[in-house]
Structure formats: structure tokens, C-alpha cells
Amino acid sequence: MSSIVVEPTPIRARSAARLRPGKTWFRVVSPLIIVIAWQLASATGALPERLLAAPTTIARTTWDLLQEGTLQEAITVSLGRAATGFAIGAVLGIGLAILAGLSTLGEYLVDPPMQMLRTVPFYGLIPLLILWFGIGELPKVVLVAFGVAIPLYLNTFAGIRGVDGKLAELAAVQRLSRAALIGHIVLPGALPQTLVGLRQSLGIAWLALIVAEQVNADAGLGFLINDAREFLRTDVIVVGLLVYCVLGLLTDALVRLIEGKALAWRRGFLGQ
């Protein structure tokens, strides 16, 4: 009686077969249908201009703002705030996670207040930040930094504590110093989780910036949106929101690129 041998099909091969390069354009079909329906609703008067501008109007407004240089200036200001807040939050979040993750005493000192802070809605901090720092740039940067630090801390701390204990035993056999143990085993082992936190923190950073720039700002995308609201310019509001979306997608793609380079070793390890 002959036996039938069935060769296993790798999951990734099946996924690649489903997502053939020739059919990836299907992903744009549903957004295109939404834009067409939006334009038709605006053209027929079913969607009034005062509620939401038509896509063609938004495209013209985007071009006008680019021609005037207004949009570029707003993007530059917002990117500066986001970058400054992100840098401060990343240093604090990762630094505190290393302190808490590598020391029991550090965990007792750092983790309880961080766990408390993560439950605080950071939008509610705006009145306090204005009282403490005024209405200048500092409260906006602090709000972004706060939003960035929490997810980076939580993920990096979990990554450090999730490193296999057997690797520490191996380091002891190899007589590695504590600095070498941290540099060659602990931090690389925590890197995948840290990169997850990095993606989360970037998303929160843009959300925090949107809120921060709506409060007493005199420049930036949030100011542009807030000013447009006063004059019922829904086209400008949508342009500002779309720019926020694009910036968020670009920064997320950048982190994914870094993740692919930094964790390239996992392809061979997972048989990818």
C-alpha cells in the first residue's frame, strides 16, 4: 500500500501567494471609492461645504497653502516640537526602564510612580502645564515628552525582564563583566520590545502634539487648524489633519525600516 507524502506549505509562502505584486493595487480601491462618493455628495449638495469641503476644494487649498509657503512653515514648526518632545521622552523612558529593569531597588523606586502616571490622561495635564510653564513652547514639548516616555518605559522594562535567564548563566560562564552583560545580552534581547514601544510612542506623540498645538499656539499645524475653525474653513482643517496623518505614517514607516535592519538576524532564526 503506497503512502502519500504531503509536503508542508510554509505560511509565508501561502501569504505571498495571496498578496501577489500584481494585485496589491486592490488596496487603493476602497479609499478611491470613498473619495469618489465624497466628491459626488459634495457636488450634489448632499454634503454641504460648511460641514466638509469637497476633495477638489481640499486639493486646491493644499496647492494654495504650498504656494504661499504657509503649509511648509507650519510643518516645520510642528516637526520641531515633535522632535524635541520625542527626544526628551525617549531618553527618560528608556533610561528609567533600564534603571528599573536592571535593579530591584530601581524597580521599587521607579516602577510604582510610572505605573501611576500611565493611568493619567495626559490631555488633562494641559491646565497644570500652562500654570507651571506658561503658554509658550515648553508645555507643548513637555506634553509630547510625557506621551512618548510612558509606552517606551513600559515596553523596554518588559523587554529587559523578558530576557532569558539562561543567557545570564551563559554570561557568567563566559565571565562577562556587568557592562558587557548589559551591552551584549540584556539590551539586544530587549530591543524588539523597545521598538514596539517606539512605534506606539510615535503615534501618541502626534496625538499629543495635535492637542498641545490647539492651546495658545501662534504657529504650527494645530494653529493652522484652530485658525481655520474660527473662519469655518473646513478645507484648511482637513488639510492640516491629512498632514498629521502623513507625518504619522512616515515616522511609523521609518521605525519599521529601522526594525527591519536592527532585527535582520530574526529572518534566519525564524526561517524567513
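One can find the structure itself at the top, above this paragraph.
Residues numbered from 1 in each chain as written. Predicted model: local features only at pLDDT ≥ 70, side-chain atom pairs only at ≥ 80, totals over all residues. Heavy atoms only, no water.

1. A word on the overall build of the protein
Here is step 1 of the chain: Regarding its fold elements, the protein presents 12 helices and 0 strands.
Here is step 2 of the chain: Element order for the protein, N to C, with α for helix and β for strand: α-α-α-α-α-α-α-α-α-α-α-α.
Here is step 3 of the chain: When each of the 272 residues of the protein is scored for burial, the buried share is 33%.
Here is step 4 of the chain: Taking all contacts inside the protein whose residues are at least 6 apart in sequence as the whole, residues at least 24 apart take part in 72%.
Here is step 5 of the chain: Entry remark: accessible area of the protein is about 16900 Å², with carbon and sulfur atoms responsible for 68%. (Helix = DSSP H or I, 4+ residues; strand = E, 2+ residues; numbered from the N terminus. Buried < 20%, exposed > 50% of the residue type's maximum accessible area, 1.4 Å probe, protein only. Contact = heavy atoms within 4.5 Å. Areas by Shrake-Rupley, 256 points an atom, 1.4 Å probe, with all protein chains shown as cover.)

2. Some remarks on the packing of helix H4 (residues 70–101) against helix H5 (residues 104–117)
Here is step 1 of the chain: Running from N to C, H4 and H5 point in directions that differ by 135 degrees, and their axes come no closer than 7 Å. Comparing the axis directions of H4 and H5 gives the class oblique. On the side of H4, the interface is formed by Leu96, Leu99 and Ala100, while H5 contributes Gly106, Glu107, Val110 and Met114.
Here is step 2 of the chain: Here the residues of the contact of H4 with H5 are counted per class, giving 5 nonpolar, 1 polar and 1 charged. (Axes fitted to C-alpha atoms, helices over the stretch in contact; angles between N-to-C directions. Parallel < 35°, antiparallel > 145°, perpendicular 65-115°, else oblique. Nonpolar A, V, L, I, M, F, W, Y, C, P; charged D, E, K, R; others polar.)

3. Section: the side chain of Thr194
Here is step 1 of the chain: In this fold, Thr194 is placed in helix H9 (residues 178–212).
Here is step 2 of the chain: Taking relative accessible area as the criterion, Thr194 reaches 14% and is therefore assigned buried.

4. Here we look at unusual backbone geometry
Here is step 1 of the chain: Although it is not a glycine, Leu232 adopts a positive phi angle of roughly 60 degrees.
Here is step 2 of the chain: Along the polypeptide, Leu232 turns up in the loop between helix H10 (221–230) and helix H11 (234–262).

5. Overview of the nonpolar core
Here is step 1 of the chain: Among the nonpolar cores identified, the biggest contains 42 residues, and Leu71, Leu143, Tyr153 and Leu221 are the most heavily contacted of them.
Here is step 2 of the chain: Broken down by secondary-structure element, the contributors of at least two residues to this core are helix H3 (55–68), H4, H5, helix H6 (126–133), helix H7 (138–161), H9, H10 and H11.
Here is step 3 of the chain: In contact with Tyr153, not counting residues within four places along its chain, are Gly93, Leu96, Ala97, Ala100, Val110, Asp111 and Met114.
Here is step 4 of the chain: Residues Ile160, Leu181, Val186 and Ala190 belong to the second largest nonpolar core, which totals 6 residues. (Core = buried A, V, L, I, M, F, W, Y, C linked by side-chain atoms within 4.5 Å.)

6. So, a nonpolar patch on the surface
Here is step 1 of the chain: On the surface, a nonpolar cluster with roughly 560 Å² of combined accessible area is contributed by Leu128, Leu131, Trp132, Phe133 and Leu138.
Here is step 2 of the chain: With relative accessibility at 57%, the residue Trp132 sits in the exposed group. (Patch = residues over 30% accessible without salt bridge, like charges linked within 9 Å, V, L, I, M, F, W, Y side chains within 5 Å. Salt bridge = Lys/Arg side-chain N within 4 Å of Asp/Glu carboxyl O.)

7. A closer look at the environment of Ile210
Here is step 1 of the chain: Here Ile210 is to be found in helix H9.
Here is step 2 of the chain: For Ile210, a relative accessible area of 22% corresponds to the partly exposed category.
Here is step 3 of the chain: As a C-alpha pair, Ile210 and Lys140 span 70 residues in sequence and 9.6 Å in three-dimensional space.

8. Side note on the pattern of salt bridges
Here is step 1 of the chain: All told, the structure shown has 5 salt bridges when counted by the stated rule.
Here is step 2 of the chain: Of the charged contacts, one joins Arg81 and Glu137 as a salt bridge, the two residues approaching to 2.7 Å between their closest N and O atoms. Of this pair, Arg81 sits in helix H4 while Glu137 sits in the loop between H6 and H7, and the two are 56 residues apart along the sequence.
Here is step 3 of the chain: Under the relative-accessibility criterion, Arg81 is labelled buried at 3%.
Here is step 4 of the chain: Two residues, Arg81 and Glu213, come together in a salt bridge whose shortest N-O distance is 2.8 Å.

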